[in-house]
Amino acid sequence: MDDDQLIQKELLPNEQSPTEPTRRDFLYLTAAAFGAVGVGSVAWPFIHSLNPAADTLALSTTEVNIGAVEPGQAITITWRGKPVFIRRRTPKEIDEAAQVKLDELRDPQADKDRVQKPEWLILVGVCTHLGCVPLGQKSSDPRGDYDGWFCPCHGSHYDTSGRVRKGPAPKNLAVPTYKFLSESKVLIG
Amino acid sequence: MGQKGRAEFKNPVIAWVDERLPLFSMMKNEYGVFPTPKNFNYFWNFGAIAMVMLITMIATGLVLAMNYAANTGLAFESVERIMRDVNYGWLLRYVHANGASMFFVAVYIHIFRGLYYGSYKRPRELLWILGVLIFLLMMATAFMGYVLPWGQMSFWGATVITNLFSAIPLVGEHIVTWLWGGFSVDNPTLNRFFVFHFLLPFVIVGVVFMHIWALHVTGSSNPLGIEMKTEKDSVPFHPYYTMKDGFGILVFLIFYCLFVFFAPNTLGHPDNYIPANPMQTPPHIVPEWYFLPFYAILRAAPDIGIPFTKIILISSKLAGVIGMFGSIAILFILPWLDRSPIRSSIFRPWYSKAMIVFVIAFILLGCAGYNPADANLTLFGRDTHIPWLWIARVAALYYFAHFLVLVPLFAKFEPRPELPPSIHEAVLAKKNNGGKPVAPAPMER
Ligand code: HEM
Ligand code: FES
């Protein structure tokens, strides 16, 4: 093959028809696809290294003694660096929570689906709006219009089941996974 | 930069270097003889001032970093140690903390200059876009810097702002966990914020370089907004503008020093001298003043749904996030929203007035962001019963309407007076008129 022929074959391969895919197009595409997979697999370790590390994940359970909490009282404990509210509800509070009609709620959920034992309400104490800690744990705190919690940051009100009733928060206070180890011990996480 | 020829140098060492790497020629072309419009006003000082602030922030930041410990157990103490024990630590920290504020003062004025005199228009669109990019990077840098002292405002500011990303449908929660490196703002978060706070200013330096490169390709605009045509329209950058910039920088530094030495904590929040407590939110979280207008837009958004039904299409949280980022994103496309061929507000009877209302709306947004979410406007000690929330909503609507409605409409329908034939002639006419600007001849299009 002389130079002219080589140029014909290699550099002007689309002579036949500009629309018909050629072997060269195929090579470009496969090279690009392999390149993309390569870049992705190199990028992933960098991206994933920013996700929670194994020791952070290992801190994910906390055991709490709730023996000393009287009805009407609440305690706050730390779980995964966040506050968890444990409130021992009074019969009145339980009643209030159970009476609410679901279609009045922004994030409809029945009280019985949010507790294991009606007396013990256990919630992640982080406002679902932008993450402030709502007030209402201490007896001197404002508890909002629904007797639960009030978030001072942008004014969200939560009821005695920790469901959002007013304000910008889109969701109810989250219920963490937990299990009662005994009458007076609960394991969060 | 520009493709100008090499200069002659008498000093043999300089000439030797310049033949091999034309650094000195470049300095001479770009900052010595560089032709610059002769009619700049003081608004044209703020680019140089911003540059001085960037250098100040990097210099003070570097030495602060040598005594700072990016660990939740140590950070607060290490900043207090800088304040009390490190030689001149108090000065360096106050210069850095107030420097962030001054940097934003300069950049806000610089951006206003661009808006008012139409500097963003062809052929300077890319120059403008690079500027908006610098503004975004500065905001990210300042936000992460404010987290470093690990006080109550640091912690809760970081919590509220990172939680914004949870508004993104489906992947929001994962993104937030990824940003935090855990399940709340904690040690991994502080550590990476320090790394980014250290890195981003150098990225800013890179973008500033491109910003100035682009400026030196098109040349500067000027208060009249007409291009330079002949040599008579310009003066060499040195000594005219090196002197004027130098003067402006000195005046600005005096203003800056008043804060550093006489009111170093006025622009900060006292709660940031309380160590971070993840179990207790301060009653009223406010960001630094330079974020307040955007914070107000964030909080102003209502649920967006189908009227008369309970169906919500976009929650107020997501709408707020879109509004906040959108308010900056809109600046990127401004050169294409404003198709008026006239740059300067001096020759734009409608746009110039709209700009004044725009500035008022922006300041009102700032005031709304400063007040608690459910507060009313009080005037002379009296409650007016006008909620700040509503003021913020009206002002935010105006902010967007300015760019999306008024600017495109004005481009079409605003009367267009005849522009002066050249900078030189306009300057002379003004001089002959006893220093008062000559009213442009009104002429319908
Ligand atoms: C774009 C430039 C920069 C801006 C806008 C900026 C902004 C800030 C802000 C607002 C703070 C919090 C001040 C306070 O209340 O204490 C801060 C702290 C800090 N910055 Fe920067 N910064 C910049 C550049 C840098 C650089 C380049 C470094 C390091 C090389 C640095 C290192 C630090 C350190 C160590 C702190 C913590 C000490 C302290 O709180 O005073 N900064 N920065
Ligand atoms: S964070 Fe609770 S209302 Fe905004």
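Since we're looking at a predicted model, the values are computed, not measured.

### Digging into the side chain of Ser344 of chain B
Residues and elements named next belong to chain B. Tracing the backbone shows Ser344 in the loop between helix H13 (334-337) and helix H14 (349-370). In terms of polar contacts, Ser344 uses its side chain to reach the backbone amide nitrogen of Ile346, at 3.1 Å. When residues no more than four places from it in sequence are discounted, the contact partners of Ser344 are Tyr116, Tyr117, Pro223, Leu224 and Gly225.

### As for the interface of chain A and chain B
Each side of the interface is counted separately: chain A has 26 residues, and chain B has 24 residues. A buried area of about 2,200 Å², summed over both sides, lies between chain A and chain B, and 62% of it is on carbon and sulfur atoms. A per-residue breakdown of the area chain A buries against chain B is headed by Leu50, Leu130 and His154 of chain A, which together make up 26% of the total. Linking chain A with chain B are zero salt bridges, by the criterion used here. Where chain A meets chain B, there are nine residue pairs in polar contact (both at pLDDT 80 or more). Elements with a minimum of two residues in the side of chain A that touches chain B: helix H3 (54-58), strand E2 (74-79) and strand E3 (82-88) of chain A.

### Regarding the state of the cysteines
Residues and elements named next belong to chain A. In total, this model carries one disulfide over all chains according to the counting rule given. At a sulfur-sulfur separation of 2.0 Å, the disulfide partner of Cys132 is Cys153. On the S-S bond that ties Cys132 to Cys153, the torsion sits near -95 degrees, and the link is left-handed. One end of the pair, Cys132, is in the loop between strand E4 (120-124) and strand E5 (147-151); the other, Cys153, is in the loop between E5 and strand E6 (156-159), with 21 residues separating them in the sequence.

### Some thoughts on the coordination of the iron atom of ligand 1
Residues and elements named next belong to chain B. Every protein donor of the iron atom of ligand 1 is accounted for by His96 (NE2) and His197 (NE2), and the metal-donor separations fall at 1.9 Å. Taken together, the six donor atoms coordinating the iron atom of ligand 1 and their angles of 87 to 178 degrees define a geometry best described as octahedral. Remark: His197 occurs in helix H9 (residues 187-218) and His96 occurs in helix H5 (residues 89-116); sequence separation between them is 101 residues. With relative accessibility at 15%, the residue His197 sits in the buried group.

### Brief notes about the domain arrangement of chain B
Buried accessible area, meaning the area lost when the parts come together, often serves as the stated size of an interface. Residues and elements named next belong to chain B. Along its sequence, chain B is carved into domain 1 (1-31), domain 2 (45-281) and domain 3 (286-414). Placing the centre of domain 2 and that of domain 3 at their C-alpha centroids yields a distance of 23 Å. If you look at the interface, domain 2 gives 43 residues, while domain 3 gives 34 residues. For the pair domain 2 and domain 3, the summed buried surface comes to about 3,400 Å²; carbon and sulfur atoms form 72% of the total. Linking domain 2 with domain 3 are two salt bridges, by the criterion used here. Here Lys121 ties to Asp338 by a salt bridge, and the two come within 3.2 Å at their closest N and O atoms. Run the count over domain 2 and domain 3 and you get 16 residue pairs in polar contact (both at pLDDT 80 or more). Of all the secondary structure elements, the ones that give two or more residues to the side of domain 2 that touches domain 3 are H5, helix H6 (125-147) and helix H7 (152-163). Residue contributions to the side of domain 2 that touches domain 3 peak at 11 residues, all from H6. In terms of residue class, the side of domain 2 that touches domain 3 is made up of 30 nonpolar, eight polar and five charged.

### Brief notes about the pairing of strand E6 (residues 382-387) of chain B
Residues and elements named next belong to chain B. In this sheet, E6 lies alongside strand E5 (residues 376-379) in antiparallel orientation, the contact comprising three bridges. Pairing of Thr378 across the sheet is with Asp383, part of E6. Hairpin connection of E5 to E6: two residues between the antiparallel strands, including Phe380 at a positive phi of 50 degrees.

### Here's the deal with the site of ligand 1
Residues and elements named next belong to chain B. Not every one of the 24 residues close to ligand 1 is listed here, only the nearest: Arg93, His96, Pro149, His197 and Phe198. A distance of 2.7 Å separates an oxygen atom of ligand 1 from a polar side-chain atom of Arg93. In the model, a nitrogen atom of ligand 1 is placed 2.7 Å from a nitrogen or oxygen of the His197 side chain. At the level of elements, helix H3 (46-65), H5, H6 and H9 are the ones that each hand at least two residues to the shell around ligand 1. Among the elements that take part in the shell around ligand 1, H3 stands out by supplying six residues, more than any other. When the residues that make up the shell around ligand 1 are grouped by side-chain class, the tally is 18 nonpolar, five polar and one charged.

### Description of unusual backbone geometry
All names here are of chain B. A cis amide bond links Arg122 to the next residue, Pro123, at an omega of 5 degrees. Locating Pro123 in the fold gives a position in the loop between H5 and H6. With an omega of 5 degrees, the peptide bond running from His238 to Pro239 counts as cis. For Pro239, the position within the fold is in helix H10 (residues 237-262).

### Details of the domain arrangement of chain A
Considered domain by domain, chain A is made up of domain 1 (3-49) and domain 2 (57-188). The C-alpha centroid of domain 2 of chain A is placed 57 Å from the C-alpha centroid of domain 1 of chain A.

### Thoughts on the packing of H3 of chain B against H5 of chain B
All names here are of chain B. Interhelical geometry of H3 versus H5 gives an angle of 155 degrees and a closest axis separation of 9 Å. With respect to each other, H3 and H5 are oriented roughly antiparallel. The element H3 and its partner H5 pack so that their crossing is left-handed. Contacts between H3 and H5 involve Phe46, Gly47, Ile49, Ala50, Met53, Leu54, Thr56, Met57, Thr60, Gly61, Val63 and Leu64 on the former and, on the latter, Leu92, Arg93, Val95, His96, Gly99, Ala100, Met102, Phe103, Ala106, Val107, Ile109 and His110. Classifying every residue of the contact of H3 with H5 gives 16 nonpolar, seven polar and one charged.

About the thresholds
Residues numbered from 1 in each chain as written. Chains lettered and ligands numbered in written order. Predicted model: local features only at pLDDT ≥ 70, side-chain atom pairs only at ≥ 80, totals over all residues. Heavy atoms only, no water. Helix = DSSP H or I, 4+ residues; strand = E, 2+ residues; numbered from the N terminus. Polar contact = N/O pair within 3.5 Å; in protein donor to acceptor, adjacent residues only side chain to side chain. Contact = heavy atoms within 4.5 Å. Buried area = accessible area lost by both parts, 1.4 Å probe. Salt bridge = Lys/Arg side-chain N within 4 Å of Asp/Glu carboxyl O. Disulfide = S-S within 2.5 Å. Donors = N, O, S within 2.8 Å, 3.2 Å for Na, K, Ca; no water. Tetrahedral: all angles 85-135°; square planar, octahedral: opposite > 155°, others 65-115°. Buried < 20%, exposed > 50% of the residue type's maximum accessible area, 1.4 Å probe, protein only. Domains from an automatic or database assignment. Nonpolar A, V, L, I, M, F, W, Y, C, P; charged D, E, K, R; others polar. Pairing = 2+ DSSP bridges. Near = heavy atom within 4 Å. Axes fitted to C-alpha atoms, helices over the stretch in contact; angles between N-to-C directions. Parallel < 35°, antiparallel > 145°, perpendicular 65-115°, else oblique. Left-handed = near helix turned anticlockwise from the far one by under 90°.

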